[in-house]
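Commentary on secondary and tertiary structure
Spelled out, the chains give:
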Amino acid sequence: MHAPATSRIPVDLLLRAYRSGVFPMADHRSDPEVYWVEPRERAVIPLDGFRLAKSLKKVLRQDRFRVTCNADFPGVIAECAAPREEHAESWISHRIEASYLALHQAGHAHSIECWQGSKLVGGLYGVAFDRVFCGESMFSRTADASKVALAWLVAAMRSADYALLDCQFMTDHLERMGAVAIPQARYMALLAAADGYPAEALPESVARFGASSSPGKSIAQSLIQTS
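So, a few notes on the structure that sits alongside this text. (Residues numbered from 1 in each chain as written. Predicted model: local features only at pLDDT ≥ 70, side-chain atom pairs only at ≥ 80, totals over all residues. Heavy atoms only, no water.)

A full pass over the atoms with the stated rule returns 9 salt bridges. For Arg 29, the salt bridge identified is with Glu 97, shortest N-O distance 2.7 Å. With Arg 29 in the loop between strand S1 (23–25) and strand S2 (35–37) and Glu 97 in helix H4 (residues 94–105), this residue pair connects regions lying 68 residues apart in the sequence. Take Glu 97: its relative accessible area is 4%, and that puts it in the buried class. Close ionic contact of Glu 200 with Arg 208 constitutes a salt bridge, the shortest N to O distance being 2.4 Å. With relative accessibility at 45%, the residue Arg 208 sits in the partly exposed group. Counted as one network, the salt bridges with shared partners bring together Arg 64, Asp 144 and Lys 147. (Salt bridge = Lys/Arg side-chain N within 4 Å of Asp/Glu carboxyl O. Helix = DSSP H or I, 4+ residues; strand = E, 2+ residues; numbered from the N terminus. Buried < 20%, exposed > 50% of the residue type's maximum accessible area, 1.4 Å probe, protein only.)

Set out below in structure tokens:
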């Protein structure tokens, strides 16, 4: 079940919202309405402040997952919208899902996928504009998959000269990986300073790491180096 094209949030409206520091959510999967959120505090991961735990470094070096960008955006957002035990209702409504699929087709929403064989086992998706990436949601069907996706995202953003990684709301999981909470006014200042264009698009940056003979080792090495 997908929202008809007429009820999708227009691509230009979504981009204007993100540039204004707000984003849409819904109360449940079948909710036809959206509400616009402007958090008082914003969670961001400073690109030079990502915490690479020893255990995650080991997982990366083992190349336990094959990692791609935009190989299955619909699959990633569908997994992120699936019910989870801790909260039965997803804020990713069918309308929001359809809107972000259109945003992806327009080149402004990207996914990072973790694969084991042909099976999608983890990933994340978000919105990209200027030198900003606004992470929306992530999922993991096996241990460490979403952490690996996030590590790849940070490494690719650093390599491509992005400036701001927005995580919206703070969680214990994100805090352990280096996220910090900042006032919305500070976030808006960072957003304004992150204008212009990255050195390369996110999919190209991920693909370049993926072409390495040992992709995970390259990711780990790049995250250890100071920016």
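So, next bit.
Here we take up the pairing of strand S3 (residues 41–44). By the bridge criterion, 4 bridges tie S3 to strand S9 (residues 180–183) in an arrangement that is antiparallel. Its bridge partner being in S9, Arg 42 is matched across the sheet by Ile 182. (Pairing = 2+ DSSP bridges.)

What follows concerns the nonpolar core. The biggest cluster of nonpolar side chains holds 42 residues, and the ones touching the most others in it are Phe 50, Leu 150 and Leu 165. Element by element, the count of residues in this core is highest for helix H5 (residues 145–159), at 11 residues. In this structure Phe 50 touches Ile 45, Leu 56, Leu 150, Ala 151, Val 154, Met 177 and Leu 223, once residues within four positions along its chain are discounted. With 34 residues, the next largest nonpolar core counts Val 34, Tyr 100, Ala 109 and Val 132 among its residues. (Core = buried A, V, L, I, M, F, W, Y, C linked by side-chain atoms within 4.5 Å. Contact = heavy atoms within 4.5 Å.)

Here the focus is the sheet that holds strand S7 (residues 132–140). Read across the open sheet, the 7 strands follow the order S4-S5-S6-S7-S8-S3-S9; overall the sheet is mixed. Strands with a single pairing partner mark the edges of an open sheet, and in this sheet they are strand S4 (66–69) and S9. Along the sheet, successive strands turn relative to each other by an average axial angle of 30°, direction set aside. Running at roughly 75° to strand S6 (residues 119–129), helix H1 (residues 11–19) makes contact with S6, S7 and strand S8 (164–168) of the sheet. Here helix H7 (residues 184–193) sits on the sheet in contact with S3, S6, S7, S8 and S9, set at roughly 95° to S9. (Axes fitted to C-alpha atoms, helices over the stretch in contact; angles between N-to-C directions.)

Attention shifts here to unusual backbone geometry. Residue Asp 130 is not a glycine yet carries a positive backbone phi of 50°. Mapping Asp 130 onto the fold places it in the loop between S6 and S7. Of note, Gln 168 is a non-glycine position whose phi angle comes to about 65°, a positive value. One can find Gln 168 in strand S8. For Gln 168, a relative accessible area of 4% gives the class buried.

Glancing now at the packing of aromatic side chains. By the definition in use, this model includes 4 aromatic pairs. Plain terms: the ring middles of Phe 23 and Phe 169 are 5.7 Å apart, the flat faces sit at 75° to each other, and that makes the pair edge-to-face. With a gap of 146 residues between them, Phe 23 in strand S1 and Phe 169 in the loop between S8 and helix H6 (172–176) connect regions that are remote in the sequence. Classification of Phe 23 by relative accessible area gives buried; the value is 1%. A relative accessible area of 37% places Phe 169 in the partly exposed class. On the numbers, 6.2 Å between centres and 75° between planes, the contact of Tyr 100 with Tyr 125 is edge-to-face. Within this pair, whereas Tyr 100 is found in helix H4, its partner Tyr 125 is found in strand S6, the two being separated by 25 residues in sequence. For the pair formed by Tyr 100 and Tyr 125, the shared burial category is buried. Grouped by ring-pair contacts, the aromatic residues Phe 73, Tyr 100 and Tyr 125 constitute a single cluster. Lying across the ring of Tyr 187, Arg 42 places its NZ or CZ 4.0 Å from the centre. (Phe/Tyr/Trp six-rings, centres within 6.5 Å; stacked < 30°, edge-to-face > 60°. Lys NZ or Arg CZ within 6 Å of the ring centre and 35° of its normal.)

This brings us to helix H8 (residues 202–210). When H8 is considered as a whole, its buried residues turn out to be Leu 202, Ser 205, Val 206 and Phe 209. Around the axis of H8, the buried residues are gathered within 95° of arc, so they sit on the same side. Contacts from the buried residues of H8 go to S4, strand S5 (109–116), S7, H5 and helix H9 (215–224). (Arc of directions from axis to C-beta.)

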